[in-house]
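# Coordinates in review
Chain by chain, the residues run as shown.
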Amino acid sequence: MINPLPRLPEFQFIKLDTLESTLQFLIENSDAARPYLGGTDLLVAMRDRRTHPKFLVSLSHLEGFDALTFDAELGLNIGAAVNLNQLIVSKAIQTHYPVLALSARQVGGYQLRNRATLVGNLCNASPCGDTIGPSILYQGKAIIVGPTGMRSVGLNNFFTGPGKTVLSAGEIVTSIYFPIPPVPQKGTYLCIGRNKLADLAAVGVTVLAHPDDTLPSGFQFKIALSAVSPTVIVVEEAQALLAEQPISESSFEAAAQIARQNCKPINDIRASESYRRDMVYTLTLRALQQTWLAIQP
């Protein structure tokens, strides 16, 4: 009989004093070592024997990794070790990036969010990751260090497939940077799963919008779809339609239909392909309507 609650495989937990020594260890053991923050996804994968690292290399104690800083001119920087509950209660995030806080609330329960981090959620690169869509639409950038030094990568180019990113061997994300968003900007994140408590999203929709006098419609909308393709989809065709056409219920319906046509869902245990397509239309339309009501003077 298969043990439904297998033990974790044996591993060594590595905690080094500096970022330099940590990177060196990761480079020298690139095939056997994994960076470790909250472990909420990694430990489950190890338990289920989907990954078999010999070393878990701690990052959360490294200098600056627990910093969450905001500057009214420069923007927001969220260190790799900042957990999701810290993100949710941040006044700067509630004020300037509220949809990021809203999406973080959808990740697991309170206890799990005390361990889970934004960087970990992004680096896990699950297509149904709740925080990915808002992070992309807020124009987030991953700050990466590795063997060749430091680089930044826009999150719109960070994900390459389910569980895959542009990170190379020995590279880690130290923080996520967000520029100052337009003012006023409104938005929402809507998702649906099999239950209301701590379930993975079967469909997720993020919408942000702000006034823009340079566009024929007078408003710029951004739309991202989660859990319905190998990576999060930014629905540029629907965004273009809402930039060009007068804002109305019919234009929202047309944009939602474009989103439905552009998604690439699968059948799995959480939802069928056809159900996901229908929910993309419904949630996109609902998110556009809610955002429009919120942004009205």
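Just above, that's the structure.
Everything in this summary refers to the structure shown in the same document.

We now examine the pattern of salt bridges. Tallying each qualifying case throughout the model produces six salt bridges. Between Arg47 and Asp48 there is a salt bridge, with its nearest N and O atoms 2.9 Å apart. The salt bridge involving Asp48 is made with Arg50; its shortest N-O contact spans 3.8 Å. Since its relative accessible area comes to 36%, Asp48 is described here as partly exposed. Counted as one network, the salt bridges with shared partners bring together Arg47, Asp48 and Arg50.

In this section: the environment of Pro162. By the element assignment, Pro162 lies in the loop between strand E8 (159–161) and strand E9 (164–165). In this structure, the C-alpha to C-alpha distance between Pro162 and Ile78, residues 84 residues apart in sequence, is 23 Å.

Attention now moves to the sheet that holds strand E4 (residues 68–71). One open sheet holds the five strands; their spatial order is E4-E5-E10-E6-E7, and the pairing between them is antiparallel. Edge positions in the sheet fall to E4 and strand E7 (149–154), since each has one partner strand and no second. Direction aside, the axes of adjacent strands within the sheet are offset by 20° on average. In terms of strand pairing, strand E6 (residues 141–146) meets E7 through six bridges, oriented antiparallel. Bridging across to E7, Ile144 finds its partner in Arg151.

Parameters at a glance
- Residues numbered from 1 in each chain as written.
- Predicted model: local features only at pLDDT ≥ 70, side-chain atom pairs only at ≥ 80, totals over all residues.
- Heavy atoms only, no water.
- Salt bridge = Lys/Arg side-chain N within 4 Å of Asp/Glu carboxyl O.
- Buried < 20%, exposed > 50% of the residue type's maximum accessible area, 1.4 Å probe, protein only.
- Helix = DSSP H or I, 4+ residues; strand = E, 2+ residues; numbered from the N terminus.
- Pairing = 2+ DSSP bridges.
- Axes fitted to C-alpha atoms, helices over the stretch in contact; angles between N-to-C directions.

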